[in-house]
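Letter by letter, the chains look like this.
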Amino acid sequence: MCLDFSDYVPDARSANLAPIGGLPYLVQESIVVRELLLVLEGYQGIYITTPPLQNEDTTRDFNVDSSLDLALKHTVEELIPCASMYSTLAQFVDSAGDPKMGMTVRAFAHAIRQFLRDYKSFMVELDDVFRDGQLTIQRLHSQMMPLFPALEMMAGIVQTVTEGKLRGGALLSALHDRVVRFSPKKEIEQLVLHVVTATAVPFLRMLSKWIYEGVVEDPHREFMVCIYNVEIKRSKQQSDKGNVNTGIHTCAYWENRYKLVQTMVPDFMEEYTEKIVLCGKYLNIIRQCGEEISVADASPLAYNRDPRHLQMLVDDAFTMASGRLLTLMMESEDLITRLRSVKHFFLLDHDDFIAEFLSFAAHELTLPLSGQVVTVNKPFVYSAFEDALRYSTLYHDPYKKMMKPTFSKFNILQIHAKDRKNHNQISSSSSSSSDILLGMDSFSMNCEIQFPFCLIIYDEAKFHYQMLFKLFFRLKLIEYHLSRVRMNCKDPICRQYKPYCLPFVHQMRDFINSLQQYFSAEVIEPLWHAMMQQIRTAKTFDEVFVLHREFISTCANDCFLGDRDILSQLYRLLDGCLKLSADLMDPQFFAGDDCLAKIDKMRARFTHRMVSLLEHMSNTSETREFEGRLLSAMHRLDYNMFYTVKLAERVREKAQSNSHSSHASTAAGTLSSHSSRTSSHQAPASRSVASLAIGTISRN
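Residues numbered from 1 in each chain as written. Predicted model: local features only at pLDDT ≥ 70, side-chain atom pairs only at ≥ 80, totals over all residues. Heavy atoms only, no water.

Concerning the overall build of the protein
Then step 1. A tally of regular secondary structure across the protein gives 25 helices and 6 strands.
Then step 2. Considering the protein as a whole, with its 700 residues, one finds that 49% of them fall into the buried category.
Then step 3. Long-range pairs, those at least 24 residues apart, make up 77% of the contacts in the protein with a sequence separation of at least 6.
Then step 4. For the protein, the accessible surface area stands at approximately 33400 Å², while carbon and sulfur atoms represent 51% of it. (Helix = DSSP H or I, 4+ residues; strand = E, 2+ residues; numbered from the N terminus. Buried < 20%, exposed > 50% of the residue type's maximum accessible area, 1.4 Å probe, protein only. Contact = heavy atoms within 4.5 Å. Areas by Shrake-Rupley, 256 points an atom, 1.4 Å probe, with all protein chains shown as cover.)

Right, dumping it as structure tokens:
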């Protein structure tokens, strides 16, 4: 234990001593030198005394006999701060023996103890010189002053640590800051490097355990990674979106199991903390899959003032852990084949079973999901899906058992793709705007994701897949109903209206087919092939994770799931197609004399909505990141420029209407000036929007 004036007992005889000022100068000097040697080593003197400390955080003060020669007193006062700083260090070392303070604090205290041991050895040498009669006050001053910066620096660190109650990574940050600050002074730099290197040993030992074995050995909670006891509770909404095995085999578990403790992150590790967390997390995932973790290639970690040294070691450990997990996913878990199965079922690129399925289940899907007397017969729908799958190419899919049809209690328009936590109600027509959720709105696919595949198809990615399935399935459903309308035209009652009915049906079919071609040829397939090529050359799991995340999020955005306005207008058209096909299938529709007028009105309404959609897409393409995708979609939807002509006619009508209103307001008298300015601003604005839309479509 360091001696910090702990053996001080007031000596009654000292009170009877004559003041030191009455003694000759040389005697005073000899006494003062002896007193200084005692005080600098932590002992109480007679003419240089210190009162007891009020608390541990107080800096020790000293009292010097007022009768001392002024020159000697001045020298003593210059040396006294060394004793005060020694006292600060000694107090910290004595108090840091408690194991609860943590391993890094104890390592720091041990480094200070070594410094004080060297300091005391130096003081013993000075004491020998004094006994030989060779130590004067000036020589003592010249010997002690070079130590002053080191003592000052060490005492400053201790005060910072004590006041901030620093430990773990926070303590290393403070020490590293001192290394940078004192780097020009070589002697101080070496001392600080020694202290921080010794202090970092237990922290880096914990870091090595984590990045090479995935083990957290942190009994005093001073490491930068903390293990949380995760209790996963599945909400009703999550159950509706699809069940994932509860327990540790879930993406949510691994996302919340290991967390970064920001206050314990050393400043020189800030740039690669995410990799540090992922290293151990991946190793634990590998271990959970039954694989053994080998530490034969582990490199020893040691503090270096250049952060790039540790960063290279962490990068190597991260590459090794992520690469091992990728190898496990690609070889043992057959990642590419599983992703291809997800694409087949959710993105419907192998849809040869849809027509067969709808021939049995189309009527059931028009019924309410719940809350009515007659509702969807879910077992019948599931059975029809399984029967249709038997005659499909997907029947031989190795992972078809993962895919199950389901009914989810949310509408695609009720949840915005970019903010799915806020279920904003978006108005739509027919079933979408109704409080009653129909089977066609809630029918979806579910994937029983197994560990560790759930790390790729995580909750948000799965949600995007389900949203895309709902959109694509709706197109297939409308296509099926429109094909039935064509067959219905063979009925004797409807045959006479066939020349008027079929062109409108073809117009709607062209719209559906154009959307399907855009989604498939312009979005899904190019992005899929690009992702597959990069996955095959990926070296780490993180590369695959990022590639798949970008793939599914880009698909969702380019398929308009990220734009509420375009999506709502698109669904108005789709719901309109469903309603129109239902009307055209109703024999009573052709019974009245106004049948042709109703067909013309229906066609005009559909055309008007198509023009509105294209106009909105044209305006949006100027500000959206995927402008090229929008232009491709507009080109496919208006491949023959039919809607461009309609849009031009609408623009001309708006311009003429604004012009007429301007002339009328001019003749009104007192309001002429105001109305003229209003019309002059409105007409060019309308023309600019129209010209943008027409020009954009025409260029394609």
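What to know about the environment of Leu-647
Then step 1. Its location among the elements puts Leu-647 in helix α24 (residues 642–666).
Then step 2. Since its relative accessible area comes to 1%, Leu-647 is described here as buried.
Then step 3. In sequence terms Leu-647 and His-608 are 39 residues apart; their C-alpha atoms lie 8.8 Å from each other.

Let's talk about the packing of helix α1 (residues 25–40) against helix α2 (residues 70–95)
Then step 1. One can describe the packing of α1 onto α2 by two numbers: an axis separation of 10 Å at closest approach and a directional angle of 10°. With respect to α2, the element α1 is oriented roughly parallel. On α2, the residues that touch Tyr-25, Gln-28, Glu-29, Val-32, Leu-36, Val-39 and Leu-40 of α1 are Leu-72, Val-76, Leu-79, Ile-80, Cys-82, Ala-83 and Tyr-86.
Then step 2. Classifying every residue of the contact of α1 with α2 by side-chain character gives 12 nonpolar, 1 polar and 1 charged. (Axes fitted to C-alpha atoms, helices over the stretch in contact; angles between N-to-C directions. Parallel < 35°, antiparallel > 145°, perpendicular 65-115°, else oblique. Nonpolar A, V, L, I, M, F, W, Y, C, P; charged D, E, K, R; others polar.)

Regarding the pairing of strand β6 (residues 443–447)
Then step 1. Extensive coverage of β6 is indicated by the burial of 5 of its 5 residues.
Then step 2. Where burial is concerned, the two faces of β6 agree: the one with Phe-443, Met-445 and Cys-447 and the one with Ser-444 and Asn-446 are both buried.
Then step 3. Here strand β5 (residues 403–407) pairs with β6 via 5 bridges, running antiparallel. Following the sheet pairing, Lys-404 is matched in β6 by Asn-446. (Pairing = 2+ DSSP bridges.)

Side note on the packing of aromatic side chains
Then step 1. Scanning the model with the defined rule gives 28 aromatic pairs in all.
Then step 2. Aromatic pair Tyr-518 and Phe-519: ring centres 5.5 Å apart, planes at 55°, arrangement tilted. Comparing Tyr-518 with Phe-519, the two get one shared label, buried.
Then step 3. Through a chain of ring-to-ring contacts, three or more aromatic side chains come together here, namely Phe-353, Phe-357, Tyr-382, Phe-385, Phe-407, Phe-443, Phe-469 and Phe-473.
Then step 4. One Lys or Arg, Arg-257, reaches over the ring of Tyr-258 and ends 5.9 Å from the middle of that ring.
Then step 5. Across from the ring centre of Phe-453, 5.8 Å away, lies the NZ or CZ of Arg-338, which sits over that ring. (Phe/Tyr/Trp six-rings, centres within 6.5 Å; stacked < 30°, edge-to-face > 60°. Lys NZ or Arg CZ within 6 Å of the ring centre and 35° of its normal.)

Concerning the side chain of Asp-563
Then step 1. Its place among the elements puts Asp-563 in the loop between α20 (541–558) and α21 (564–585).
Then step 2. Asp-563 gets classed as buried once you look at its relative accessible area, which sits at 8%.
Then step 3. Within the structure, the side chain of Asp-563 is placed 3.0 Å from the backbone nitrogen of Ile-566, a separation counted as a polar contact. (Polar contact = N/O pair within 3.5 Å; in protein donor to acceptor, adjacent residues only side chain to side chain.)

Examining unusual backbone geometry
Then step 1. Geometrically, the link from Phe-451 to Pro-452 is a cis peptide bond, its omega value of 5° lying close to zero.
Then step 2. Along the polypeptide, Pro-452 turns up in the loop between β6 and α17 (459–488).
Then step 3. Phi at Lys-165 is positive, roughly 50°, even though this residue is not glycine.
Then step 4. You can see Lys-165 is positioned in the loop between α5 (148–164) and α6 (168–181).
Then step 5. We classify Lys-165 as exposed; its relative accessible area is 70%.
Then step 6. With phi around 55°, Asp-334 is a residue other than glycine that occupies positive phi space.
Then step 7. Locating Asp-334 in the fold gives a position in the loop between α11 (307–332) and α12 (335–346).

Details of the packing of helix α3 (residues 103–131) against α5
Then step 1. Running from amino to carboxyl end, α3 crosses α5 at an angle of 155°, the nearest separation of the two axes being 12 Å. Comparing their axes, α5 and α3 come out roughly antiparallel. Handedness of the crossing formed by α3 with α5: left-handed. Here α3 contributes Phe-108, Ile-112, Phe-115 and Tyr-119 to the contact with α5, which in turn contributes Ala-150, Leu-151, Met-154, Ile-157, Val-158 and Val-161.
Then step 2. For the contact of α3 with α5, the residue count by class is 10 nonpolar, no polar and no charged. (Left-handed = near helix turned anticlockwise from the far one by under 90°.)

As for α11
Then step 1. An ideal rise of 1.5 Å per residue puts 38 Å on 26 residues; α11 measures up with 37 Å between its terminal C-alpha atoms.
Then step 2. When we look at burial in α11, the residues that qualify are Leu-310, Leu-313, Val-314, Ala-317, Phe-318, Ala-321, Ser-322, Gly-323, Leu-325, Leu-326, Leu-328 and Met-329.
Then step 3. Where α11 is buried, its residues contact α7 (186–213), α10 (273–288), α12 and α20. (Expected span 1.5 Å × (residues − 1).)

Notes on the side chain of Asp-218
Then step 1. Relative to the assigned elements, Asp-218 resides in the loop between α7 and β3 (225–227).
Then step 2. A polar contact of 2.8 Å, which involves the side chain of Asp-218, links it to the backbone nitrogen of Glu-222.

A word on the environment of Arg-629
Then step 1. Along the polypeptide, Arg-629 turns up in helix α23 (residues 627–637).
Then step 2. Its relative accessible area of 23% is what places Arg-629 among the partly exposed residues.
Then step 3. A sequence separation of 71 residues divides Arg-629 from Asp-558, and the C-alpha atoms of the two residues are 6.5 Å apart.
Then step 4. Apart from the residues lying within four places of it in its own chain, the contact partners of Arg-629 are Tyr-518, Glu-522, Val-523, Leu-527 and Asp-558.

Considerations on the nonpolar core
Then step 1. With 207 residues, the main nonpolar core has Phe-108, Met-269, Phe-357, Phe-511, Phe-560 and Leu-574 as its most contacted residues.
Then step 2. Discounting chain neighbours no more than four positions away, the residues touching Phe-560 are Leu-515, Tyr-518, Phe-519, Ile-566, Leu-567, Leu-570, Met-617, Leu-630 and Ala-633. (Core = buried A, V, L, I, M, F, W, Y, C linked by side-chain atoms within 4.5 Å.)

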